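Each chain, written out:
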Amino acid sequence: MFRKWLILAGLLMAISLIAVGCATVDTTALENQISERDAKIAELEAMVMSMDEPAGSRLQAVQDRGKLICASRNDVPGYGFLDDAGNNVGFDIDLCRAVAAAVLGDANAFEIRLITAAERGPTIQSGEVDLLVRTVTWTTSRDAQWGNYTQTMFYDGQGFLVQKDLGISSSLELKDATVCVTQGTTTELNLQDFSNQNDLNINALTFEDTDAVVAAYQSQQCDAFTNDRSQLAAISSAFENRDAHVILPETISEEPLGPVVPHGDEQWFDVVKTVMAILIYAEAYSVTSDAVPTETTGDTKVDRLFGLEGSFGQETLGLSQTVAQDVISGVGNYGEIYERNLGPGGINLPREGGRNALWADAVCSDCPKGGQIYSAPLR
């Protein structure tokens, strides 16, 4: 809107200048100036009108393309890695697959664009991908500058991994230590804050990607490795001698993780948020991938979710009435995704009683006893 006013102001100024000049020219010159003015006005009006035209729909672009493009990773077990057959798998990958199932009817109709931590912001800002799902923390500045964060799907916090023979039991004992950390991340900023607040004089040894950080830690170039606690558990689970390392007890930050979409397309933002809600509510309603209802069940909430009775806005979003059937059949509910990637079927991060349990699992309706996995009602 502001740009439109600038253009209109420029238009008026141009007309005024022409009008002033007209007092000193002959009739032929005046006619030429008027003709040029009219052409300029038409050009500027076309520019202003073009700004009123909505941007192309990303949903339609994805459907026309026939695949979803997700920026992610393949270097952290549990979140994004390659299985023995060379397939991209993990918690973040499954969130991408869920969106593909929703908008294309095929959970495998996706492409993973591998990026480093430092490339996350520029990649989603450019709009070259449809979705960023790479253990990316939701912060206020990123929300404003990078893209729209759709839904927190995992609550994490930053910690420290050290070798047991270092002989320390608390991160507050890291005075004058060298700590390996990934460059260009909130992790690096949190480390500096933690050091300053506790007068620890920590020296940060930074690397652009996680593999380099891990290699430096394992070769003892640093005393500790800092990252989200879940990633420390995931990465160290692949160490040859896992028992020689320990995650220190302190959690020094809040790290809400979830998918990000480019700014500028509210429909696409709403679509991805809704897909995340489908995963969460399917678990809350105890519907798993091997028992997706295709006929009414008599449970109004379940029937609405799976497009068998009523609506939760599928037609407005541009999704099929039975979109939840495609998502849960193709990927499973939130609990299934967690189980195979982060739970006992994956890197074995405890969930029960923690922040990544469902809020619906609270033992009472008016007390905060459940986890924090919760979404806007689907109705």
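A brief look at the structure comes next. (Residues numbered from 1 in each chain as written. Predicted model: local features only at pLDDT ≥ 70, side-chain atom pairs only at ≥ 80, totals over all residues. Heavy atoms only, no water.)

1. A closer look at the overall build of the chain
Part 1: In terms of regular secondary structure, the chain is built from 14 helices and 15 strands.
Part 2: Burial analysis of the chain (379 residues in total) assigns 47% to the buried set.
Part 3: Looking at the chain alone, contacts between residues at least 24 apart form 69% of all its contacts between residues at least 6 apart.
Part 4: Summed over its atoms, the accessible surface of the chain is roughly 18,100 Å², and 50% of this surface lies on carbon and sulfur atoms. (Helix = DSSP H or I, 4+ residues; strand = E, 2+ residues; numbered from the N terminus. Buried < 20%, exposed > 50% of the residue type's maximum accessible area, 1.4 Å probe, protein only. Contact = heavy atoms within 4.5 Å. Areas by Shrake-Rupley, 256 points an atom, 1.4 Å probe, with all protein chains shown as cover.)

2. Let's talk about the side chain of Arg142
Part 1: Looking at the element boundaries, Arg142 is found in helix 6 (residues 140–145).
Part 2: Despite being buried, Arg142 has no salt bridge partner; Glu255 is the closest side chain of opposite charge, sitting 6.2 Å away.
Part 3: Apart from the residues within four sequence positions on either side, Arg142 is in contact with Arg120, Val136, Thr137, Gly147, Tyr149, Gly184, Thr185 and Thr186. (Lys, Arg positive; Asp, Glu negative; His and termini not counted. Salt bridge = Lys/Arg side-chain N within 4 Å of Asp/Glu carboxyl O.)

3. Looking at the sheet that holds strand 2 (residues 75–76)
Part 1: Strand order across the open sheet formed by three strands is 2-3-4, with antiparallel pairing between neighbours. The strands lining the two open edges of the sheet, one partner per strand, are strand 2 and strand 4 (88–89). (Pairing = 2+ DSSP bridges.)

4. Here we look at the state of the cysteines
What we call a disulfide is simply a covalent bond connecting the sulfur atoms of a pair of cysteines.
Part 1: Taken as a whole and judged by the stated rule, the model has two disulfides.
Part 2: The residue that forms a disulfide with Cys70 is Cys96, at a sulfur-sulfur distance of 2.0 Å. Disulfide Cys70-Cys96: torsion about the S-S bond near 85 degrees, hence right-handed. Taken as a pair, Cys70 in strand 1 (residues 68–72) and Cys96 in helix 4 (residues 91–104) lie far apart in primary sequence, 26 residues in all.
Part 3: We classify Cys70 as buried; its relative accessible area is 0%.
Part 4: Relative accessible area serves as the criterion here: at 0%, Cys96 is assigned to the buried category.
Part 5: What pairs with Cys180 in a disulfide is Cys222, and their sulfur atoms sit 2.0 Å apart. Disulfide Cys180-Cys222: torsion about the S-S bond near -110 degrees, hence left-handed. A residue pair is termed long-range when its members are at least 10 positions apart, and Cys180 in strand 10 (residues 178–182) and Cys222 in the loop between helix 8 (210–218) and strand 12 (224–228) qualify at 42 residues. (Disulfide = S-S within 2.5 Å.)

5. Topic: the sheet that holds strand 9 (residues 158–163)
Part 1: Ordered by their spatial adjacency, five strands build an open sheet running 11-10-12-9-13, and the pairing between neighbours is mixed. Taken across any chain shown, the strands that pair with only one partner, and hence form the sheet edges, are strand 11 (203–207) and strand 13 (245–247). For this sheet, the mean angle separating the axes of adjacent strands, direction not counted, is 30 degrees.
Part 2: In this structure, strand 9 lies alongside strand 13, joined through three bridges in antiparallel fashion. Within strand 13, the position partnered with Gln163 by the bridge is His245.
Part 3: Contacting strand 9, strand 10, strand 11 and strand 12, helix 7 (residues 186–197) runs over the sheet at an angle of about 80 degrees to strand 9.
Part 4: Against the sheet, helix 9 (residues 229–236) makes contact with strand 9, strand 12 and strand 13, and its axis sits at roughly 120 degrees relative to strand 12, the strand it touches most. (Axes fitted to C-alpha atoms, helices over the stretch in contact; angles between N-to-C directions.)

6. Overview of unusual backbone geometry
Part 1: A positive phi angle is found at Gln220, which is not glycine, with a value near 65 degrees.
Part 2: Within the element layout of this structure, Gln220 appears in the loop between helix 8 and strand 12.
Part 3: Notably, Ser286 is not glycine yet its phi reads approximately 60 degrees, a positive angle.
Part 4: Relative to the assigned elements, Ser286 resides in the loop between helix 10 (266–284) and helix 11 (300–305).
Part 5: Exposure remark for Ser286: the relative accessible area of 62% places this residue in the exposed category.

7. Remarks on helix 3 (residues 58–65)
Part 1: Buried residues of helix 3: Arg58, Leu59 and Val62, and no others. Along the long axis of helix 3, the arc covered by the buried residues comes to 105 degrees, so they all point the same way.
Part 2: In this structure, the buried side of helix 3 is in contact with strand 1, helix 4, helix 10 and helix 12 (314–317).
Part 3: In this structure Ser57 caps helix 3, since a side-chain oxygen of it lies 3.3 Å from the backbone nitrogen of Leu59.
Part 4: Following helix 3 by one or two positions, Gly66 adopts a phi angle in the positive range, close to 85 degrees. (Arc of directions from axis to C-beta. Polar contact = N/O pair within 3.5 Å; in protein donor to acceptor, adjacent residues only side chain to side chain.)

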